[in-house]
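As a plain string of letters, each chain reads:
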Amino acid sequence: MSLLVVGLSHRSAPVSVLERASLAADTQAKLLQDTLAAEPATEAAVLATCNRIELYADVDKFHAGVAELSTLLAQHSGVGLDELTPYLYVHYEDRAVHHLFSVACGLDSMVVGEGQILGQIKDALARGQELHTAGRLLNDLFQQALRVGKRAHSETGIDRAGQSLVSFGLQQLAAGADPGLWAQGKRALVIGAGSMSSLAAATLARTGVAEIVVANRTRSRADRLVEILQQGDDTTVRAHAVEMSAVGDELTRADVVVSCTGATGLVLTADALADALGVTLDAPAEAPAVTAHPAPADVDQHAAWVENGSAASAPEAPRRVTLPAQSTGPVKLALLDLAMPRDIDGAAHRIDGVRLVDIESLADASADAPMAADVDQVRTIVADEVAAFGAAQRAAHVAPTVVALRTMAADVVAGEIARLDGRLPDLDEKQRAEIIQTVRRVVDKLLHAPTVRVKQLASEPGGAGYADALRELFDLDPQTVAAVSRADLNDPNRGRS
């Protein structure tokens, strides 16, 4: 079995496609269940964030796996396969491991070095464990990815290479001013009470806003977020919760709005924003510029790019085209939209006095951000960890064979001791114990060198064949080896943090 990931992200697809392909929680669960029901996959996990959707699976057939995972992503996202395929990327075996470890370290994030992705990877693992779709490989992979991400943040200055998406968004809203000075005395409205909205509220509080109003469809979650904000030792922010129906009124009093909900439609329309500001929505001066997309390609071609290890013939990432400039007048209302699909109407940029920063504009701004020297250090960590993970997985592959060999040897010793008892029944206990010890010592010495050596060889690339050779040489029962593997897989303590 081999690791395969098929996905799309802000690096491969325009925001409009990512918005349409976003997966709700129940859709993710159905996707995982359908992936396991598909023939090529025995394990599955889905990593879905505001700017990436990735399906991981343990498959026994590469081309069939790519085709099946791509089809499943298209079916559950609602984006046609022909339209989705040009934006999909495929990683296999060590490259898939390298990709996830890079994601965990923030190297593949819209804002390099942001740490929120670690929480999202942890959620993906928990979902796979809860639904029993993550087996030994994906448990090991995601647990190790979390450790690698934490190591990168603790051993390097990768945090200096970028900021959290929220902090970076606020910096963009401040338009070059110090975010702390910019935020002083402002009244903020936070729409949503999930993980991203909670992070936004906490960041706003630390930045220095005077008041935060939280609106959420479930009032109890908004109340809980307010309680957490008021318990913070590092802020003195005033905070209270309101119903979603009060958002219109709150807009008239807000200076900053941050929205990140799971809604499938717009939460704030341009008309609602214009009404709140008491202005008229201007007609568009020009149609929004479109994104130039690569020519369609089929799934088999994607598989060929990966198998051949070449990106030369792969489609180029879409070229970003800047949207019409926003109003240059005084900013009356600053909007930060962190949702995918978007919560705030993109036409808000045409309202006089409104500044809108969303996922797409954050991607444009962060693309030109300077890369810290720490990034190279993190890349070295990722490369080392990928090699170590591969070696550990290959060694783990041979472990059931070694256990089965030693079990067989123990059975042979037990059988011979039983024969000895039948032929020499008058042996005293001391003599019998000495004979048993001697026989076991001989067997252990004979098995020591080959079992140690096969573990060493198995940890090297291509080492899986040594386990097969060991099974053939000692005529081990494949069912016995499989039973050892199943017992290890079903260990309730395995893969839990």
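Residues numbered from 1 in each chain as written. Predicted model: local features only at pLDDT ≥ 70, side-chain atom pairs only at ≥ 80, totals over all residues. Heavy atoms only, no water.

Engineer: Would you mind going over the overall build of the protein with me for this structure?
Structural biologist: A count of helices and strands for the protein gives 20 helices and 10 strands. A burial count over the protein gives 47% of its 497 residues as buried. Residue pairs at least 24 apart in sequence account for 75% of intrachain contacts in the protein once pairs closer than 6 positions are excluded. Counting only carbon and sulfur atoms, one obtains 51% of the accessible surface of the protein, whose full area is about 23,600 Å². (Helix = DSSP H or I, 4+ residues; strand = E, 2+ residues; numbered from the N terminus. Buried < 20%, exposed > 50% of the residue type's maximum accessible area, 1.4 Å probe, protein only. Contact = heavy atoms within 4.5 Å. Areas by Shrake-Rupley, 256 points an atom, 1.4 Å probe, with all protein chains shown as cover.)

Engineer: Sorry if this is basic, but what is going on with the nonpolar core here?
Structural biologist: Soluble, globular proteins show a tendency: their nonpolar side chains are buried together. Counting 71 residues, the largest nonpolar core has L8, L165, I212 and L338 as its most contacted members. Other than its neighbours up to four places away in sequence, L338 contacts C50, L165, V166, M196, V258, S259, C260, I359 and L362. Counting residues in each nonpolar core, the second largest holds 35 residues, with A124, A152, I158 and V378 among its members. (Core = buried A, V, L, I, M, F, W, Y, C linked by side-chain atoms within 4.5 Å.)

Engineer: Got a minute to help me understand the packing of helix α6 (residues 116–130) against helix α7 (residues 136–155) in this structure?
Structural biologist: Axis angle and axis distance: for two packed helices, these are the angle between their axes and the distance between the axes, and together they describe the pair. Taken N-terminus to C-terminus, the directions of α6 and α7 make an angle of 165°; their axes are 10 Å apart at the nearest point. Viewed along their axes, α6 and α7 adopt a mutual orientation that is roughly antiparallel. The two elements α6 and α7 cross, and the hand of that crossing is left-handed. For the pair formed by α6 and α7, the contact residues are L118, I121, K122, A124, L125 and Q129 on the first element and L138, N139, F142, Q143, A145, L146, G149, K150 and H153 on the second. Tallied by class, residues from the contact of α6 with α7 come to 8 nonpolar, 5 polar and 2 charged. (Axes fitted to C-alpha atoms, helices over the stretch in contact; angles between N-to-C directions. Parallel < 35°, antiparallel > 145°, perpendicular 65-115°, else oblique. Left-handed = near helix turned anticlockwise from the far one by under 90°. Nonpolar A, V, L, I, M, F, W, Y, C, P; charged D, E, K, R; others polar.)

Engineer: It is not clear to me how the pairing of strand β8 (residues 256–259) should be interpreted in this structure. Could you clarify?
Structural biologist: Looking along a regular strand, one sees the side chains alternate between the two faces of the sheet. Residues of β8 alternate between two faces, with V256 and V258 on one and V257 and S259 on the opposite face, all of them buried. Looking at chain direction, β8 and strand β9 (residues 333–337) are connected through 4 bridges and run parallel. By the bridge assignment, S259 is partnered in β9 with D337. (Pairing = 2+ DSSP bridges.)

Engineer: Explain unusual backbone geometry here, please?
Structural biologist: Keep in mind that most residues, glycine aside, have a negative phi and that most peptide bonds are trans. Of note, the amide linkage connecting M340 to P341 takes the cis form, showing an omega dihedral of 5°. Along the chain, P341 turns up in the loop between β9 and β10 (354–358). Located in the positive-phi region is E93, a residue other than glycine, with phi close to 50°. By the element assignment, E93 lies in the loop between β4 (89–92) and α5 (94–104).

Engineer: When you look at the sheet that holds strand β3 (residues 52–59) in this model, what are you seeing that I'm missing?
Structural biologist: The pairing of strands in a sheet comes from backbone hydrogen bonds and takes either a parallel or an antiparallel form. Reading across from one edge, β2-β3-β1-β4 is the order of the 4 strands in this open sheet, with antiparallel pairing throughout. At either end of the open sheet lies a strand with only one pairing partner, and these are β2 (41–49) and β4. Neighbour-to-neighbour, the strand axes of the sheet open up by a mean angle of 15°, direction not taken into account. Of the pairings in the sheet, the one linking strand β1 (residues 2–9) to β3 comprises 8 bridges and is antiparallel in character. If you follow G7 over to β3, its bridge partner there is E54. Seen against the sheet, helix α2 (residues 25–37) touches β2 and β3 and runs at an angle of roughly 160° to β2. Against the sheet, helix α3 (residues 62–77) engages β1, β3 and β4, with an angle of about 35° to β1.

Engineer: In this structure, what is going on with a nonpolar patch on the surface? I would like to understand it.
Structural biologist: A cluster of nonpolar side chains, M408, V412, L473 and F474, forms an exposed patch at the surface whose accessible area comes to about 370 Å². Mapped onto the secondary structure, F474 falls in the loop between α19 (464–473) and α20 (478–489). Take F474: its relative accessible area is 31%, and that puts it in the partly exposed class. (Patch = residues over 30% accessible without salt bridge, like charges linked within 9 Å, V, L, I, M, F, W, Y side chains within 5 Å. Salt bridge = Lys/Arg side-chain N within 4 Å of Asp/Glu carboxyl O.)

Engineer: Help me understand helix α18 (residues 429–458) in this model?
Structural biologist: Owing to its 3.6 residues per turn, the α-helix aligns residues three or four sequence positions apart on the same side. End to end, α18 covers 42 Å across 30 residues, agreeing with the expected 44 Å (1.5 Å per residue, within 8%). Where α18 bends most, at H448, the angle is about 35°, and the proline P450 comes one to four residues later. Among the residues of α18, those classed as buried are I436, L447, T451, V454, L457 and A458. A distance of 3.1 Å separates the backbone nitrogen of K430 from a side-chain oxygen at the start of α18, and that oxygen is part of D428. (Expected span 1.5 Å × (residues − 1). Bend = angle between axes of the 7 residues up to and from the residue. Polar contact = N/O pair within 3.5 Å; in protein donor to acceptor, adjacent residues only side chain to side chain.)

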